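Listed here are the chains, written in short residue letters.
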Amino acid sequence: MIYRVHHVTSYEYQAPVALSAHLAHLLPRALPCQRVLSAGLHTAPAASWRRDGTDHFGNTVTWLFLDVAHPAFEVTAEATVDVGFPDPPDFAATPGWEAVASAARHGGPAAWQAAEFLFDSPLAPASAEAAAYAAPSFPAGRPVLASLLELNARIYREFTFRAGVTTTATTIREVLSKREGVCQDFAHLMIGALRGLGLPARYVSGYIRTLAPPGRTRRLGADQSHAWVGCWMGPEHGWVDLDPTNGLVVKEEHVVLGWGRDFRDVTPLRGVILGGAEHELSVRVELEPAAAGT
Amino acid sequence: MALDEMVDGKGGLRPHWRSLLGILTSLGRPVLVERAQRLERIATEEGVSALLPGAPPDPWRFDPIPVLLKQAEFARLASGLAQRARLLEAVLGDLYGPQRLLAEGVLPPALVYANPGFLRPCRTSSGHTSSGHTASGQATPDRPRSGLLQFYAADLVRGFDGAWRVLADRTGWPNGLAHALENRRRLGRILPEIFASHLLCPLEHFTEVWQDALQRLVPHADGDPGGVALLTPGHADSDWFGHVLLARELSCALVEGGDLTVRGGRLFLKTLRGLQPIGVLLRGEPGSRIDPLELAPDAAGVPGLLEAARDGGVHIVNHPGTGLVEAPAFAAFLPALARRLLGEELELPGVETHWLADSAPGGPAARDAVLRDPGAWLVRPALDGAAPALAPATLPEAARQSLLARIAAAGEKYVARSPVMASAAPCLEGGELVPRPLVIRLFLTHAGGAWRAMQGGLGCALADGAAAWPVAAPGLAKDIWVLAEDPLAIAGPPAHRIPALAIRRTAGDLPSRVADNFFWLGRYLERLEGAARLLRAALARLARPSPAPHELAELDVLTACLTQAGVLNAEVVAGLSHLGLSEALLRAAAPWGAIHAMIGRVSRMTGLLRDRVTGEMHTVMARGLRELEDALEQIRPREDAKARETASGAMSRVLVFAATVAGLAAENMVRGGGRLFLDLGRRVERAQAVADELACALELPGADHQPALVEHGLRLALELRDSVITYRSRYSGVLQPAPALDLMLADPGNPRGLAFQLVTAGTLLHEIAGIQDAALPGIAATLLAGAEAMVRDVQAAPDQARAATLLPPRLRALRDDMADLSDLVSRRYFALLPTARSVGIEGGTPALLGAA
C-alpha cells in the first residue's frame with residue numbers, strides 16, 4: 001500500500017523570535033516492510049543551518065537552526081512510502097510470556113537490543129499499577145502474542161479517547177484512574193504495563209490513514225501525529241506493533257516515523273527559542289493512499 | 001587495625017617521613033598551632049565564603065600535613081591509572097559506537113540501558129543524508145569512537161596489606177584539581193620550612209601539559225581557531241569555586257550557558273564586541289545538562305551544542321557521555337574488560353565489588369550473602385556514581401528492613417562491597433598529629449598520545465568511623481607530595497606553538513553577562529553609599545534635643561529623599577512622629593533592614609565577579625562587606641542616643657568602604673572592560689541621585705510661598721553632595737541659589753555634582769562604543785546641556801530663589817532621561833542575554849505535542 005504523507009507544524013509567535021534551534025523526528029525511517037520512496041522536509045523561513053542524521057535508535061533526525069528574527073516558523077514534511085507489515089505469527093506458536101521476559105533479561109546476541117526497552121524511561125517507567133491492570137491477560141504460560149492482543153483490545157474497549165484531558169505531564173497512574181486520554185497516553189500506559197511485567201515495549205511514532213477505506217469507521221488519531229506500541233515476542237518472532245487506541249494490529253493503515261523508549265525520544269518537533277513571548281502551535285497531518293501509478 | 005602511612009607496624013617512623021617529622025618537631029607545637037590558624041584565615045579571606053557572605057563555606061578545608069609518597073610507588077599508581085584510563089576510554093568508545101560488548105554478551109544490557117549516565121544523543125550520528133543508514137534495528141556504527149575521555153581521576157585507598165586499590169573512577173567531570181594546586185600554594189605560604197629539605201615533584205607541569213593538550217584539540221577548520229572556555233553552572237553550584245580557580249590555572253575563560261551560543265555549527269562566546277569563537281569547551285557540568293535541545297529540556301545549557309560538537313565545530317572535554325562508566329556496577333566487569341579490550345591484566349585492582357543483579361556473574365550468590373549477613377557489607381545504588389554508600393549495620397531497624405526488601409526485589413539496582421579499612425595519615429589537630437583514614441584522588445590527562453598523571457593530588461582525610469565507603473567527598477583536604485628521587489627525571493611539556501595573539505585593548509572581549517554584572521555592581525555600590533549618607537544626615541538631626549524649625553524642614557526633605565531611595569517605606573513614614581521616624585531609621589540600618597539588603601546586593605555581584613577582579617581587590621571587598629555586616633549587627637533598633645550613635649558610626653563605615661572600593665577600582669583595575677561598566681553604573685546612579693535630592697531639597701515645605709527658605713534646602717543639598725567646603729572656599733559664607741546650583745549641576749570639576757557624572761558617562765560610553773557609535777555619548781551631552789540651562793535660567797531670573805523652586809519638575813525629567821539612557825545601555829550591550837525556552841516537549845496542552 002503506497003501512502004503520501006503531508007505533515008505541517010507551524011508556530012506563530014507573539015513577538016519575533018531572535019534565535020531558535022529545532023530537532024525534528026519527521027521523516028519516516030526505512031524498514032524491511034516500509035520502503036521510503038521519497039521524503040523531504042522544508043521550512044519557512046529557511047533554516048540558517050540544517051543537518052540530517054540518524055539517532056541511537058536508527059531514526060531519521062533533522063536539526064534546524066534559525067538565527068534571523070522570525071515571527072512564525074513552519075515545518076513541512078512530505079513523504080511517499082510503501083508499507084505492508086507482515087501478518088503476525090500464529091499466536092499459539094509464540095512462546096509463553098515468562099520465557100520472553102527471561103530472554104530479554106539475560107540479553108546476549110539475540111536479545112540485547114530488545115532489552116533496552118525493558119527499563120524505565122522518563123515518561124514510561126515500569127508501573128506496578130499498570131502491570132496489575134494487565135495481569136488478567138497474562139496467566140502463567142500463556143503464549144505472549146495471545147496476551148498482548150488481549151491487552152491491546154482491553155485498552156481499546158475500556159478507555160475513552162478524549163483530547164484535551166491529558167498533557168505531557170500526565171502520569172500512567174492518572175490515565176489508569178481517569179480511563180481516558182489520547183493515543184500517547186494509551187501507548188505509555190501499555191508500555192508501562194509491559195515493562196512492569198518484565199517485557200520489552202517501545203513507543204512508535206507515526207501516522208494512521210486519514211480517511212478509512214470505504215465501509216469502515218474513521219480511525220482515532222488521524223489528522224495528527226499518532227503513536228502506538230511495539231511489543232517483543234522473543235528472539236524468534238521479534239516485534240509486533242499494536243495500536244491500543246484503535247484496538248488494531250499494525251498492518252497497512254499505519255506509517256512509521258520512528259521509535260524510542262517513550263514520546264520524549266521521538267518527539268516529532270522539539271525546539272528551544274529565544275524571545276517570542278507567547279506562541280501558538282498548529283499541526284496538520286494528511287495520510288492518503290497515493291493515486292495509482294504514482 | 002588500619003595501616004598507618006607514617007608509622008610502621010612496630011611503632012617506628014617510616015624512613016621517608018623522618019625529615020618532615022623532624023622539621024615539625026623542631027618548629028614546636030605553638031608554632032604549628034599558629035600556622036594552622038593562619039591557614040584557616042587564608043581559607044576565609046580567599047575562599048568562597050568570603051565572596052558570598054552567608055553562603056555555605058567552601059566544603060574543602062585544608063590540613064597542613066602533607067601525605068608523602070615515594071616516587072617509585074607513585075609511578076606504579078600512575079601507570080596503573082593510565083591503563084585504567086585507556087580501558088575506560090575503550091569501553092566508552094564501544095558503548096557510544098558499535099556496542100559489541102553488549103552484542104557479544106560481555107556486558108549485560110541493564111548496565112548500559114538502565115544507566116542514567118548513558119546519554120543516547122551521544123550515539124547519534126549526523127552529517128550524512130538520511131538514506132545511508134541501515135534498514136533494520138539500531139544504527140550500528142562499525143568502528144569504536146575515540147577521544148571521548150581526556151581528563152580522568154580516580155579515588156584510591158590503601159588497605160592493611162599496603163596495596164592501593166581504586167575506590168571510584170571519575171570520568172564525568174573530576175573536581176578537586178584546582179583545590180590541589182591551591183593547597184600546595186597555601187602550604188608554601190604558611191609552612192615554607194618543610195619545603196626546604198624535600199625534593200618535590202612540581203604540580204605545575206601537569207597544568208602546562210594539559211593546557212598544551214587542550215590547544216591541540218582546538219579545531220582548525222576555518223579562520224579564527226577559537227579559544228578555550230570552562231563551562232560552569234554558576235556561583236550557586238557547589239563546585240563553582242573550583243571552577244573559578246581552575247579557569248585561572250588554565251588561563252581560560254570561565255563561562256555560563258547563557259554566555260554561549262551556537263551559530264552555523266560553531267560555538268561562540270557572546271561578548272560586547274560580538275561573537276568570539278570557542279574551540280574547546282571544558283565541561284564543568286553534568287553531560288545531561290549541557291544541551292536543552294537534545295537532553296534535559298529544562299536545563300540551562302547551550303541549545304545545539306551537541307550537534308556543533310558532532311560537526312567538529314567545538315571539542316567538548318570530557319565528551320558529555322563519559323559519566324556512563326562512573327556507575328559503581330562497572331567495577332565488577334573491569335578485570336574481564338581489560339583482558340578483552342586490552343589483552344592485559346589490570347595493574348591496579350579495584351576494591352572488590354559485587355553487582356547484585358541476576359544477570360551479573362556471581363550476582364545471585366552475592367545477593368544471598370548480603371541478605372544473610374547484611375552487617376558485613378556496604379551497599380550502594382548500582383548505577384549512580386554520586387550516591388553515598390549505606391551501611392546496613394548502622395541503619396535503624398526499619399530502614400534496614402526496607403533496604404533489604406528492595407535488594408531482594410531488585411538486586412540489579414545495588415552493588416555491595418566489604419568495608420575497606422583505609423590507611424591512616426597524620427592530621428594536625430590542636431597542635432597534635434592525629435591519624436585519620438585517608439582517600440587520595442589522582443588526576444590524569446591524555447596528552448601527546450599518552451596518559452600523564454599529575455605528580456601529586458588531593459588527599460581527603462575522613463572523620464573517624466567514616467570508613468563507610470570512603471569516596472573522596474569534600475572534607476578535610478591534604479596535599480600529596482611525590483618525593484623525587486631523580487631530579488633530572490622531571491620533564492617539561494612538549495612544545496606546541498600557539499599563534500601569536502593580536503594585541504587587544506578594548507572592552508570588546510568581555511562577556512556581555514560580565515559587563516552587565518559590573519554595571520550593576522557600580523549601581524548598587526553607589527546606591528548603598530547614597531543611602532548611608534542620607535541616613536547619617538537624618539540621624540544627626542534627630543540627635544539634637546530640640547531641633548530648630550529649619551532642621552525640622554530638613555528632616556522632611558531627608559525623609560522624602562530616603563523614601564525616594566527605597567530606604568524608608570512611604571506608607572510607613574506618612575504621619576510618623578519624630579520618635580517613630582528615628583525608630584524607622586534605626587530599623588533601616590539594623591540587620592535585615594534596607595541597608596543590609598543593599599549590602600547583600602553588592603555582595604552578590606562581588607561573588608558573581610569573583611574571577612573578574614584581582615585577588616587584592618576581591619579580598620578588600622569581601623573583608624569590607626563582612627565588617628559592614630558585623631557593624632550592622634551592633635545596631636539595636638531601640639530609640640536611644642547610643643543606638644543612633646552606633647548606627648551613625650556604621651553609616652560612616654559604609655562611606656569609607658565605598659570610597660575604598662572606588663579608590664581600588666581606580667588604582668587597581670585595568671582601565672577597560674569591566675572597569676568601564678563599573679564606573680558607568682556609578683555615574684548613572686549618582687546622576688539620578690543628584691537630580692532626585694535636589695528636587696526634594698527645593699521642595700522644602702513652605703518654599704513655594706516663602707522662597708527665602710530655599711536657602712536651607714540648598715544648604716542641605718550641598719551637605720549631601722559633600723560640597724559645603726568647596727562652596728565656602730569659592731563664595732565665602734554667602735549662599736545664593738545660582739552659585740550653589742552651578743556647583744551641584746553644571747560644574748564638571750565637582751566629582752559629586754551632576755555635570756561630572758554626565759561628562760564622565762559620555763566619555764565612558766565613547767570608550768566602550770569606539771568611534772562607530774556616537775548615539776549614546778550624544779544623549780549624555782544633551783542631558784548636560786539641559787542641566788547647564790537650569791543654572792543659566794536661575795542666574796538670569798530677577799528672583800533666583802523663586803526660579804529655583806520651579807526646577808524640581810525639570811530635575812525629575814532629567815532623572816527619568818538618565819534612567820532611559822541606562823535602558824539603552826542595557827539594550828545595546830546586554831541584549832544578547834534573553835533566556836531560552838523549550839517548545840514542543842514541555843507545555844500544557846496536548847496540541848503542543850503534535851500528537852492526537
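Preceding block: the structure.
Given the structure is predicted, the values throughout are model-derived calculations rather than measurements.

A. Highlighting the overall build of chain B. A count of helical and extended segments in chain B gives 29 helices and 19 strands. Taken across its 852 residues, chain B has 51% of its residues classed as buried. A sequence separation of at least 24 residues applies to 73% of the contacts in chain B between residues at least 6 apart.

B. Focus on the nonpolar core. Counting 232 residues, the largest nonpolar core has Ala104, Met190, Tyr203 and Val229 of chain A together with Leu442 of chain B as its most contacted members. Setting aside chain neighbours within four positions, we find Tyr203 of chain A in contact with Ala124, Ala187, Ile191, Ala227, Val229, Trp259, Gly260, Arg261, Asp262, Phe263 and Val266 of chain A. Counting residues in hydrophobic clusters, the runner-up holds 115 residues, among them Val567, Leu625, Met744 and Met790 of chain B.

C. Geometry of unusual backbone geometry. Across the junction of Ala44 of chain A and Pro45 of chain A, the peptide omega takes the value -5°, indicating a cis bond. Here the residue pair Val317 of chain B and Asn318 of chain B is connected by a cis peptide bond, since its omega of -20° sits within 30 degrees of zero. Its location among the elements puts Asn318 of chain B in the loop between strand S10 (315–317) and helix H12 (334–342). One non-glycine residue, Ser251 of chain B, lies in the positive phi region at around 45°. Along the polypeptide, Ser251 of chain B turns up in the loop between helix H10 (240–249) and strand S6 (253–255). Here Trp592 of chain B, not a glycine, exhibits a phi torsion of approximately 70°, which is positive. Along the chain, Trp592 of chain B falls in the loop between helix H18 (578–589) and helix H19 (594–608).

D. Structural context of the sheet that holds strand S12 (residues 378–381) of chain B. Residue and element names in this part refer to chain B. Pairing in this open sheet of three strands is antiparallel, and the strands run S11-S13-S12 from one edge to the other. At either end of the open sheet lies a strand with only one pairing partner, and these are strand S11 (354–355) and S12. Both S11 and strand S13 (residues 414–417) contribute to a ladder of two bridges, which runs antiparallel. Counted as the bridge partner of Trp355 is Val415 from S13.

E. Fine view of the packing of helix H26 (residues 754–769) of chain B against helix H27 (residues 775–796) of chain B. All names here are of chain B. In the contact formed by H26 and H27, the axes pass within 8 Å of each other and the chain directions differ by 170°. Viewed along their axes, H26 and H27 adopt a mutual orientation that is roughly antiparallel. Pair H26 / H27 crosses with left-handed handedness. Where H26 approaches H27, its residues Leu754, Ala755, Leu758, Val759, Ala761, Gly762, Leu765, His766 and Ala769 are matched on the opposing element by Leu776, Pro777, Ala780, Ala781, Leu783, Leu784 and Ala787. Tallied by class, residues from the contact of H26 with H27 come to 14 nonpolar, two polar and no charged.

F. Structural view of the environment of Asp368 of chain B. As for its position among the elements, Asp368 of chain B is in helix H13 (residues 363–372). Separated by 104 residues in sequence, Asp368 of chain B and Gly264 of chain B have C-alpha atoms that sit 56 Å apart.

G. Layout of the pairing of strand S3 (residues 49–54) of chain A. With six bridges joining them, S3 of chain A and strand S4 (residues 60–66) of chain A adopt antiparallel strand pairing. In the strand pairing of S4 of chain A, Trp49 of chain A is matched with Phe65 of chain A. Connecting S3 of chain A to the next strand, S4 of chain A, in antiparallel fashion are five residues, including Gly58 of chain A with a positive phi near 90°. When S3 of chain A meets strand S2 (residues 125–126) of chain B, the two strands line up antiparallel, connected through two bridges.

H. Expanded view of the sheet that holds strand S10 (residues 239–243) of chain A. Residues and elements named next belong to chain A. Here five strands make up an open sheet; going across it, the order is S11-S10-S9-S8-S12 and the pairing antiparallel. On the outer flanks of this sheet lie strand S11 (248–249) and strand S12 (254–260), each paired with one strand and no other. With two bridges connecting them, S10 and S11 associate as antiparallel partners. Looking across to S11, one finds that Leu242 is bridged to Val249.

I. Representation of the pairing of strand S5 (residues 70–83) of chain A. Residues and elements named next belong to chain A. Here strand S1 (residues 2–27) pairs with S5 via 12 bridges, running antiparallel. The residue of S5 that forms the bridge with His7 is Ala77. Relative to S5, strand S2 (residues 34–44) runs antiparallel, the two being bridged by 10 bridges. Bridge pairing links Ser38 to Thr80 in S5.

Thresholds, definitions, all that
- Residues numbered from 1 in each chain as written.
- Chains lettered and ligands numbered in written order.
- Predicted model: local features only at pLDDT ≥ 70, side-chain atom pairs only at ≥ 80, totals over all residues.
- Helix = DSSP H or I, 4+ residues; strand = E, 2+ residues; numbered from the N terminus.
- Buried ≥ 20, exposed ≤ 12 C-beta atoms within 10 Å, placed from the backbone.
- Contact = placed C-beta atoms within 7 Å.
- Core = buried A, V, L, I, M, F, W, Y, C linked by C-beta atoms within 7 Å.
- Pairing = 2+ DSSP bridges.
- Axes fitted to C-alpha atoms, helices over the stretch in contact; angles between N-to-C directions.
- Parallel < 35°, antiparallel > 145°, perpendicular 65-115°, else oblique.
- Left-handed = near helix turned anticlockwise from the far one by under 90°.
- Nonpolar A, V, L, I, M, F, W, Y, C, P; charged D, E, K, R; others polar.

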